[in-house]
Amino acid sequence: VWPWFHSYLSGHGGNPELSGAVRVDTLLVMLLSAAIALGGIGLSWWFYSRRSPRNPDDPDPLEQLQPDLFGWLRGKFFIDELYVGNYGSDTVSIVSTATNAVVATLAVGRAPLTPASNNNLYRTYVPSATDGTVSVIDQKTHTIARTIPVGRGPQFAAVDGRHNKVYVNNVTDRTVSVIDSATDTVVRTIATGAGTPSNFGSVNGAYRRYYLPNATDDTLTVIDTDTDAVVRTIAVGSTPVDVLADA
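Right, let's walk through the structure included here. (Residues numbered from 1 in each chain as written. Predicted model: local features only at pLDDT ≥ 70, side-chain atom pairs only at ≥ 80, totals over all residues. Heavy atoms only, no water.)

Regarding its fold elements, the protein presents four helices and 15 strands. Burial analysis of the protein (247 residues in total) assigns 34% to the buried set. Across the protein, the fraction of contacts at a sequence separation of at least 24, relative to all contacts at a separation of at least 6, is 32%. Of the roughly 14500 Å² that the protein leaves accessible, carbon and sulfur atoms contribute 57%. (Helix = DSSP H or I, 4+ residues; strand = E, 2+ residues; numbered from the N terminus. Buried < 20%, exposed > 50% of the residue type's maximum accessible area, 1.4 Å probe, protein only. Contact = heavy atoms within 4.5 Å. Areas by Shrake-Rupley, 256 points an atom, 1.4 Å probe, with all protein chains shown as cover.)

Moving on, we get to the environment of S128. Within the secondary structure, S128 sits in strand β5 (residues 123-128). In the structure, S128 is positioned 24 residues away from R152 in sequence and 9.6 Å away in space, judged by C-alpha atoms. Every residue in contact with S128, bar those within four places of it in the chain, is listed here: G109, R110, A111, P112, T133 and P154. Engagement of the side chain of S128 in a polar contact is seen with the backbone nitrogen of G109, the distance being 3.3 Å. (Polar contact = N/O pair within 3.5 Å; in protein donor to acceptor, adjacent residues only side chain to side chain.)

Turning our eyes to something else, we now look at the pairing of strand β8 (residues 154-160). Among the seven residues in β8, six count as buried, and that is most of the element. Relative to strand β9 (residues 165-170), β8 runs antiparallel, the two being bridged by five bridges. Across the sheet, the residue bridging to A158 is Y167, located in β9. Between β8 and the antiparallel strand that follows it, β9, lie four residues; N164 among them carries a positive phi value of about 55°. (Pairing = 2+ DSSP bridges.)

With that out of the way, let us pick up the sheet that holds strand β2 (residues 91-96). As summarised here, the arrangement of the three strands in space is β1-β2-β3, forming an open sheet in which the pairing is antiparallel. For this open sheet the edge positions go to β1 (81-86) and β3 (101-107), each flanked by a neighbour on one side alone. Direction aside, the axes of adjacent strands within the sheet are offset by 25° on average. Where β1 meets β2, six bridges bridge the pair, whose relative direction is antiparallel. Among the inter-strand pairings, L82 is bridged to a residue of β2, identified as V95. (Axes fitted to C-alpha atoms, helices over the stretch in contact; angles between N-to-C directions.)

A cluster of nonpolar side chains, namely V24, L27, L28, M30 and L31, defines an oily patch on the protein surface of about 500 Å² accessible area. Take V24: it is sitting in helix α2 (residues 24-49). (Patch = residues over 30% accessible without salt bridge, like charges linked within 9 Å, V, L, I, M, F, W, Y side chains within 5 Å. Salt bridge = Lys/Arg side-chain N within 4 Å of Asp/Glu carboxyl O.)

Right, let's get into the pairing of strand β10 (residues 175-180). Within β10, five of the six residues are buried, which leaves the element mostly enclosed by the surrounding structure. One ladder, built from six bridges, connects β9 with β10; its direction is antiparallel. Bridge pairing in β10 places N170 opposite T175. Between β9 and β10, which pair antiparallel in sequence order, lie four residues; one of them, R174, sits at a positive phi of approximately 60°. Of the strand pairs in this sheet, β10 and strand β11 (residues 185-191) are connected by six bridges, and their pairing is antiparallel.

Tracing the sequence through the fold places N199 in the loop between β11 and β12 (202-204). In terms of polar contacts, N199 uses its side chain to reach the backbone amide nitrogen of T196, at 2.8 Å. Here the side chain of N199 touches A215 through a polar contact of 3.1 Å, landing on its backbone nitrogen. Here N199 is in contact with Q155, F156, N169, P213, N214, A215, P240 and V241, once residues within four sequence places are set aside.

Ordered in space as β8-β9-β10-β11, the four strands form an open sheet in which the pairing is antiparallel. Strands with a single pairing partner mark the edges of an open sheet, and in this sheet they are β8 and β11. Adjacent strand axes in the sheet meet at a mean angle of 25° when their direction is disregarded.

All right, on to the pattern of salt bridges then. Counting across every chain of the model gives six salt bridges. The residue D224 makes a salt bridge to R209 at a minimum N-O spacing of 3.4 Å. Of the two residues, D224 sits in strand β14 (residues 219-224) while R209 sits in strand β13 (residues 209-214), which places them 15 residues apart along the sequence.

Rendered as structure tokens:
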């Protein structure tokens, strides 16, 4: 059913194969997930609806009742922060969106650029263009978990949440470094076209592709995120800079 439904949305739908479409164990997991979700909604309604309306500055009722549990839930499931790469001072400022204040400042590599976050693993990746590294920030502890050597002139980190990988385009080397977020190590280096520091790569999770414009040779490199291999190099217009996936 699911492949047919995807084809249907793409405009190539046929008749679905219903035989064996949903197994009993899959159906049980779906029902259990729905029951847990509904139970959570009901419990929240019961807990919060019994209390009078509160001001925005008042503490959360759960925080008042169970501060340790509230702190654990907040730290595990809710990261309300901004990561600012400070190119001139070789640091990253971490800003709380709740208080609009800087809560930590971390030293990273030279000339840090745009941070990118893998929220599945609570990691933020910061390429440093001058020293050819990527700094990995632990979002929970506000510390540098690892500094990863990549190619020369890394510019932009694109996170692939489906595979827990990070793609970093190295402009000087004309390569892309593929980082495994589970181990924070480079698992593959892929040759690409010739780009500039203005180029930004993008991951399309639906089609399992990473797209990188190459401004110098007017091409677009397409990488399969399942195999980390170049599947096509497409000639485009003059000086392509960025790419947007409509999917």
